[in-house]
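Spelled out, the chains give:
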Amino acid sequence: MALTAGNWNYKDDNYSDVFILQNLNQFWQPEEISLSSDALSWEKLTQDERDTYSKVLAGLTLLDTIQGDVGMQKISDAMESHQKKAVMAFMGGMETAVHARSYSNIFLTLESSQRINELFEWVSDNKHLQLKGQMIKQYYDNIKDDYSLAQAMVASVALESFLFYSGFFYPLYMGGQGKLRGSAEVIGLIIRDELIHGTYIGLNYQEIVDKLPQEKQDSLKLFTEQLFTDLLRNEVGYTRYL
């Protein structure tokens, strides 16, 4: 089969060109956000507040890593459009090279090296985080046809929407109280990215589902409801634990 080149002068769909430009226009780097004042704010928090805050960020880092290392790559591999692949590659890079690195910058500002290592070990040991990650990743690893690709996209939107936003709550809550404002600003930039990430995958999902027979579409609705229910149940347990 002949190799093909991506031609951006011909639109593969009516939205990928818009999304790549939006991604590029809102590109940012963690180093642009000053966290110096957060170090002073950190000293005024209770030990419980510090522990919860750091664990929330560590959990978010796991999700970013799964999405960047696995999710966007596997979904992109299943797409034929070079333009869709480009958008997904950029979004995957943002998850690992910008979002995850942002959390590491916050850790470096607030925590000791020993504590940072302990937090990443905690991620590997926490049953709620591990279950959440495996529930999502299994669908990324199982892409073999349009139906399983649609399932993976449902899992991706679940991760990009309420799983991320559940984790964003506490840093935004603290920022709203005038604490750790620099870190809250970072979260705000990440939210701006996740908004278009989830929307883009959702649009691609709709294209795929429209081509499936009605019984497959009905099956995907049931699948989506069950996956979100299972993820929510685990997320409630995780939140209570924190």
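Residues numbered from 1 in each chain as written. Predicted model: local features only at pLDDT ≥ 70, side-chain atom pairs only at ≥ 80, totals over all residues. Heavy atoms only, no water.

Within the protein chain, the regular secondary structure consists of nine helices and zero strands. Shown N-terminal to C-terminal, the secondary structure of the protein chain runs as helices and strands in the order α-α-α-α-α-α-α-α-α. For a compact globule of 242 residues, the expected C-alpha radius of gyration is about 18 Å, and the protein chain comes in at 19 Å, within 12% of that figure. Taken over the C-alpha atoms alone, the protein chain extends approximately 60 × 40 × 30 Å along its principal axes. Taking all 242 residues of the protein chain together, the buried fraction comes to 50%. Summed over its atoms, the accessible surface of the protein chain is roughly 12100 Å², and 54% of this surface lies on carbon and sulfur atoms. (Helix = DSSP H or I, 4+ residues; strand = E, 2+ residues; numbered from the N terminus. Rg over C-alpha atoms; globule rule 2.2 N^0.38 Å. Buried < 20%, exposed > 50% of the residue type's maximum accessible area, 1.4 Å probe, protein only. Areas by Shrake-Rupley, 256 points an atom, 1.4 Å probe, with all protein chains shown as cover.)

For helix H1 (residues 16-25), every residue scored as buried is listed here: Ser16, Phe19, Ile20 and Asn23. In an axial view of H1, the angular spread of the buried residues amounts to 100 degrees, which keeps them on one side of the axis. Summarising the geometry of H1, the exposed residues directed more than 90 degrees from the buried face are Val18 and Asn25. Of the surrounding elements, those touching the buried residues of H1 are helix H4 (82-110) and helix H8 (181-210). (Arc of directions from axis to C-beta. Contact = heavy atoms within 4.5 Å.)

Glancing now at the packing of aromatic side chains. Under the defined criterion, the tally for this structure stands at 14 aromatic pairs. Ring centres 6.4 Å apart and planes at 70 degrees place the aromatic pair Phe27 and Phe90 in the edge-to-face group. Residue Phe27 is found in the loop between H1 and helix H2 (36-43), and its partner Phe90 is found in helix H4; the two are separated by 63 residues along the sequence. The class for Phe27 is partly exposed, based on a relative accessible area of 41%. Aromatic pair Trp122 and Tyr241: ring centres 6.3 Å apart, planes at 15 degrees, arrangement stacked. (Phe/Tyr/Trp six-rings, centres within 6.5 Å; stacked < 30°, edge-to-face > 60°.)

The next thing to look at is the pattern of salt bridges. Applying the stated criterion to the full structure yields 14 salt bridges. A salt bridge links Glu49 to Lys179; the shortest N-O distance between them is 3.9 Å. Of this pair, Glu49 sits in helix H3 (residues 47-77) while Lys179 is found in the loop between helix H7 (146-176) and H8, placing the two residues 130 residues apart along the sequence. Judged by relative accessible area, Lys179 falls into the partly exposed class, the value being 25%. When salt bridges with common partners are traced through the structure, they connect Asp51, Lys55, Glu111, Arg115 and Glu118 into a single cluster. (Salt bridge = Lys/Arg side-chain N within 4 Å of Asp/Glu carboxyl O.)

Glancing now at the packing of H3 against helix H6 (residues 127-140). Their axes nearest at 10 Å, the elements H3 and H6 cross at an angle of 10 degrees. Judged on the interaxial angle alone, H6 and H3 are roughly parallel. Contacts between H3 and H6 involve Gly59, Leu62, Leu63, Ile66, Gln67, Val70, Gly71, Lys74 and Ile75 from the former and Leu129, Gln130, Lys132, Gly133, Lys137 and Tyr140 from the latter. Per-class residue counts for the contact of H3 with H6 are seven nonpolar, five polar and three charged. (Axes fitted to C-alpha atoms, helices over the stretch in contact; angles between N-to-C directions. Parallel < 35°, antiparallel > 145°, perpendicular 65-115°, else oblique. Nonpolar A, V, L, I, M, F, W, Y, C, P; charged D, E, K, R; others polar.)

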